[in-house]
Amino acid sequence: MERFGFLARFARNRGALAGALMILVVALAALVAPLAFPIDPLRIVGAPELWPGEAPEFPLGTDSLGRDILAMIVHGARATLLIGLFASAVATLIGVSAGAIAGYFGGWIDETMMRVAELFQTIPNLIFVLTIVMILGSTLTNIVIAIGIVSWTSIARLTRAEFLALRDREFVQACRAMGMSNLRIIVGEILPNALPPVIVLSSLVVAGAVLFESAVSFLGLGDPNVASWGRLIGDGRQLIRSSWYISAIPGVAVMVTVLCLNLIGDGLNDALNPKLRDR
Amino acid sequence: MTNVTRREFSAGALATGVVGGIAPAFAQGEPKRGGTLVATWGGGEPQACYVPAGGGSSPIFSSSKLFERLGDRTMSGEFVGELAEGWKPAADFKSYVVKLRKGVKFHDGKDMTVEDVVYSADEIWRKFAAAAALTDLTGVEAPDADTVVFKFNKPTPEFFFSSLLCGVVSYVVPKHIYAGTDPVTNPANNAPIGTGPWKFKEWVRGSHFEYVKNDAYWRKGYPYLDRMIIRYVRDPAGRAAAMEAGEIHIGVFNPVAPPDIKRLTATGKFAATSKGYEESVWSTSFECNLRNPIFEKREVRQAMFHAIDRSFIAKTVYYGYARPGTSPIFSPNKEFFTADTYRTEFDPKKAAALLDGAGFPKKADGKRFTLNLLAAGWFTENGKIGAYVKQALEDVGVGINLTVPDRPTSIKRIYTDYDFDLAISNQSNPSEPVPATTQYYTSDGIKKGVPFRNASGFHTAEVDALVERIKVETDAAKRKAMIVEFQQIITREAPNLPLVELESITVASTKVQNHSNDPDYLAASWYDIWLA
Amino acid sequence: MRVAPAGGSSRRLAALRLLRRRLVQAVPLLLGVLIINFVLIQLAPGSFLELMTAENQVSDPTTVELLRKTYGLDDPVWLQLLKYIWALAHLDFGFSYRQNMPVIDAILIHLPATLLLMLSSITLAFVVGVAAGVVASVKVRTVWDSLVSIAAMFFFAAPSFWLGIMMIVLFALKLGWLPVSGMATIGGGGGVLDVLRHLILPTLALGLFYAAIYARVMRSAMLEVAQLDFVRAARAKGLSRTKVTLSHVLRNALLPVVTILGVQMGTVLAGSVVIESVFSWPGIGSLLFDSVSSRNYPVVLGIMVLGSLVVIVANIVVDLVYMWLDPRIEIR
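Residues numbered from 1 in each chain as written. Chains lettered and ligands numbered in written order. Predicted model: local features only at pLDDT ≥ 70, side-chain atom pairs only at ≥ 80, totals over all residues.

Draft legend 1. Structural view of the overall build of chain C. Per the secondary structure count, chain C includes 13 helices and 4 strands. Each of the three principal axes of chain C carries a C-alpha extent, and together these read 85 × 55 × 35 Å. Taken over 332 residues, chain C has a buried fraction of 43%. Put simply, 73% of the contacts in chain C that link residues at least 6 apart link residues at least 24 apart. (Helix = DSSP H or I, 4+ residues; strand = E, 2+ residues; numbered from the N terminus. Buried ≥ 20, exposed ≤ 12 C-beta atoms within 10 Å, placed from the backbone. Contact = placed C-beta atoms within 7 Å.)

Given below as structure tokens:
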């Protein structure tokens, strides 16, 4: 019964529905990429700087070296979603662990954890990501970890707040009385109840990660072996006088993806917190 | 004795005419006096106005207007005296007598003397500016107030010595400013005092250098202009916009992107030229790390080059402002370049055949072996070339892992750690091949930790011996023959060869006269430039 | 948060208490920033010494050792860190051998441009966002509301650097109304108006993202506050709708916006670094890239510390504004 209620509430938000559908399209593109565009998207396949529509085999045109932009957009969907998901996973892992421990144990553990979170919130996040990537090298792993490191604090705070609220409830006290270990209580009892709002936040972190990754690639610090949307925007920057479509098209892709993720986040929020609806 | 050029002679005559106080009506082509020139170049601000070791093109551009060298090379190829009147070899070519010009003063009023030359050669050139070239210099002496004698422990060819005196940062610096200090950190490097046509006035960091006319310049009647400003603009689009708005008159070394070059010249208000870079030709090079046993056989190395379409790189990555390179000595080098070398033309089939023959057939997954390709990230073009080369090599069955690290990481990985299998880097060499070109291919060129040296690890007894003979051969014809042989060996061995030679472009407003008249124009003093 | 008694002097006291607390907390924060970045730089391949010796073509070992000493790199790492912290306590940010000037000078040359951009973007974001949010809430569920929502969604999702490029294409290249890049016209045509002209596009590119956030937050805050008891009471008393909106609702609805503003100060600074790259704006962004590129760690650390300081100060200001807006609140 609850499940249907959730979906129904989600679907009532038309924006969220549209967002979810679009993301499915993007995800589908990501899955289908190797089949529909089997050639490595970074391969040079045509004359450089062809406008969209100028050559029938390249519906979105070619870039400065002669690579197929449509292929790069479709394959880029893959890279973008994967990076977004993995970075969000890293952030969620760190954030939930830190927040759970801080919220459950309280006291000086809580104080220290919050100081550390404040530390990471004080360092301007993109600057930190750029510095990490510039120093440690432009590989996909480094980028994912760097984004995860700057994104965990909001998840930690939320988790902490949830744990603070839940740890004094009767069911938790009952578990303690039964002699359950702290770990079991945290992971088995409180966490499942604390997760819903965290999931909403995680979806927004995915959107943030997509924006981070595109900024990093735009500045030329992305992995050169990956067809990233941000890198394409950066490549097109020198040619905005004559071939501005090279920068325009991938930017639209990023915007649509981030928009959909935000709409989904809104929808999840509405679905999980029906009382706060009607704003 | 080397000559004073006719140009200087007539310029002197012109000057006397003007100084006479009459204001003649200037016909077109008659230099106009006065005004301020605003110049820029295709890179960024230097770390200091003058860097004793060179420090890259930016400080060379800024310091060459304030300092001068003993000699200069003209567009026609002659060597002429600048701060020297001339020079002559001894009969055994183990020493050279240089006659110093009289009446030259530094910007602070002190005379330039033989002591300054001796100091510069001993402390600056030998230690920083031309260390590799001066390994055989045994001493510099001043037997009298006008003469400096350079002594070598081996016979030294005249072309080599003349090139030395024109060395890009072989300036005569004031001993009274630099003696007893550490030249690298001397504060005068940010406000240099030299003998040049321009005097340092101000450095507004992040913006520009301002130079003013040296009224006591030894070339009477020069410079024509009152002031020169070197402006630094971070991005090429900004430079193009500034030039269009008339705020910058001339930009050297590819100041704007290729599409903008066409756009600016189409307005008729600007001219673009590739003249002025003959002594400073840049190339994009491709080298194999012979420490990897795969590259032991020269056929494998040749195959790498056969797989690459250099014309594609020239056309697409450089928009046509480059040409395929064939020899370690570049084609504008009239003295020594030869086209009669072993060619590694674009021929993927031949590449595949060579690899098969060398014992590297395609395995089940289509790959023969996998290599690490490092494209030095200091130019964006290198990254693009890296992406293309990766594709080209994968097409002949060589798996490639591409990295495009930033400048310090690239320098470290290529020239210190030798942590690469294939590398895309850049070189800029003068006409004299020793040591700039030869040190990429000899055993004494392998210097761990020093950038832009022999990183491929290639050396053979044959080439080492040949280069040693080239260093001491004083007969010009014999020397050329040896250098031709050198090119033929190296192109056949293919350890490190240019992919393309870059065409550097100067863009200038049509108002600017007398520019691009030196074979290394970026490093010239611009004493005779004027604005119409 | 505690609810404290209202009244002028106790407000001032509360503000001072906050100030002192925050400044004390700032010290371990900055220390933490320092340590993290110091460790990071040590992990970088290629050191400053290697780069400088490379650029100066120094291969002679004794000269290399001399340079190592000069750059202070011959101490063990932990000692380098301690020396740096000690110097920093005396407000000595060290010397940048690359630019041949003290680090603080190098940073101060570039910092004003960044601060200008940040300030104008935040102002734009605040003014536009709050105004849009108010309009949307007052005309809720009408066309205006939808328009604001759509615009907010667009500017929130569009990457700021891409927005900047698109604006350059439209306003600078196609229409020619505004300059393509830079902070002032080369050749010093200059003056305040010139800088303002150059400031427009970067401000829009950076600020519209935050304007979108503030618009949405403002809208929901306004709607929420409008339903609260004290507002209904004011309306019941007969005060005009506008008066109620402006004096009661607005003031309280601003609180969440102000909170978010403080939290996001760090991201605004970070965002300006990217925008500076797009527009060749001569701020600390370029200095940061160049310094990381050359492993010039005194400058990198200096920028990180100053950047974090900007964030801390901004947060303090925001908290003070928050307390001024709602005198009942004292922030811990």
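On we go.
Draft legend 2. Quick look at the interface of chain C and chain A. Contact residues are listed per partner, giving 38 residues for chain C and 34 residues for chain A. Looking at the side of chain C that touches chain A, the elements that each hand over two or more residues are α1 (8-42), α6 (143-157), α7 (160-174), α8 (192-226), α11 (265-279), α12 (284-293) and α13 (297-325) of chain C. Across the side of chain C that touches chain A, the residue classes tally to 29 nonpolar, 8 polar and 1 charged. (Nonpolar A, V, L, I, M, F, W, Y, C, P; charged D, E, K, R; others polar.)

Draft legend 3. Spatial organisation of the sheet that holds strand β11 (residues 250-252) of chain B. Residue and element names in this part refer to chain B. If you walk across this open sheet you meet the 7 strands as β8-β9-β10-β1-β11-β19-β12, and the pairing is mixed. Edge strands, defined here as strands with exactly one partner in the open sheet, are β8 (198-204) and β12 (270-273). Adjacent strand axes in the sheet meet at a mean angle of 20 degrees, parallel and antiparallel pairs treated alike. Sheet topology places strand β1 (residues 36-41) next to β11; 3 bridges connect them, and they run parallel. Across the sheet, alanine 39 pairs through a bridge with isoleucine 250, a residue of β11. Where helix α7 (residues 258-266) meets the sheet, its contacts fall on β12 and β19 (506-509), and the angle it forms with β12 comes to roughly 135 degrees. (Pairing = 2+ DSSP bridges. Axes fitted to C-alpha atoms, helices over the stretch in contact; angles between N-to-C directions.)

Draft legend 4. Seen up close, the interface of chain C and chain B. Every contact between the two is made by 25 residues of chain C and, on the other side, 35 residues of chain B. Elements with a contribution of two residues or more to the side of chain C that touches chain B: α2 (48-55) and α12 of chain C. If one sorts the elements of the side of chain C that touches chain B by residue count, α2(C) sits on top with 4 residues.

Draft legend 5. Representation of the confidence of the model for chain C. All names here are of chain C. Per-chain confidence: chain C averages 82 in pLDDT, with 92% of residues scoring 70 or above. The element-level mean pLDDT for chain C is lowest in strand β1 (residues 2-3), coming to 54, with α7 highest at 92. With pTM at 0.85, the complex prediction returns an ipTM value of 0.86. (pLDDT = per-residue confidence, 0-100.)

Draft legend 6. Expanded view of the sheet that holds strand β7 (residues 147-152) of chain B. Residues and elements named next belong to chain B. An order of β4-β5-β7-β6 is seen for the 4 strands of this open sheet, with the pairing classed as antiparallel. Edge positions in the open sheet fall to β4 (84-89) and β6 (137-144), since each of these has one partner strand only. This sheet shows a mean twist of 20 degrees between the axes of neighbouring strands, independent of strand direction. Inspection of the sheet shows strand β5 (residues 95-100) paired to β7 by 5 bridges, in the antiparallel sense. Considered in β7, the bridge of valine 97 is made with valine 149. Most of the contacts of helix α3 (residues 114-129) go to β6, to which it runs at about 170 degrees, and overall it touches β5, β6 and β7.

Draft legend 7. Structural context of the packing of α7(C) against α8(C). Residue and element names in this part refer to chain C. α8 packs onto α7 with a crossing angle of 140 degrees between their chain directions and a minimal axis gap of 9 Å. Here α7 runs over α8; the crossing is right-handed. For the pair formed by α7 and α8, the contact residues are Ser160, Leu163, Gly164, Met167, Ile168 and Phe171 on the first element and Leu201, Pro202, Leu204, Ala205, Leu206, Leu208 and Phe209 on the second. Among the residues forming the contact of α7 with α8, the class breakdown is 11 nonpolar, 2 polar and no charged. (Left-handed = near helix turned anticlockwise from the far one by under 90°.)

Draft legend 8. Examining the environment of Arg310(B) more closely. Residue and element names in this part refer to chain B. With respect to the helices, strands and loops of the structure, arginine 310 is situated in helix α9 (residues 310-317). Sequence separation between arginine 310 and serine 64 is 246 residues; the distance between their C-alpha atoms is 34 Å. Those residues in contact with arginine 310 that sit more than four places away from it in its chain are Pro324, Gly325, Phe346, Leu499 and Val500.

Draft legend 9. Just the pairing of strand β18 (residues 496-502) of chain B, in detail. All names here are of chain B. Across the 7 residues of β18, 7 count as buried, placing the element largely inside the fold. Pairing of strand β13 (residues 281-288) with β18 involves 5 bridges; the strand directions are antiparallel. What sits directly across from threonine 284, in β18, is valine 500. Where strand β14 (residues 322-324) meets β18, 3 bridges bridge the pair, whose relative direction is antiparallel.

Draft legend 10. Inspection of the environment of Gly56(B) at higher detail. As for its position among the elements, Gly56(B) is in the loop between β1 and α2 (57-63). Gly56(B) sits 10 residues away from Pro46(B) along the chain, and the two C-alpha atoms are 8.3 Å apart.

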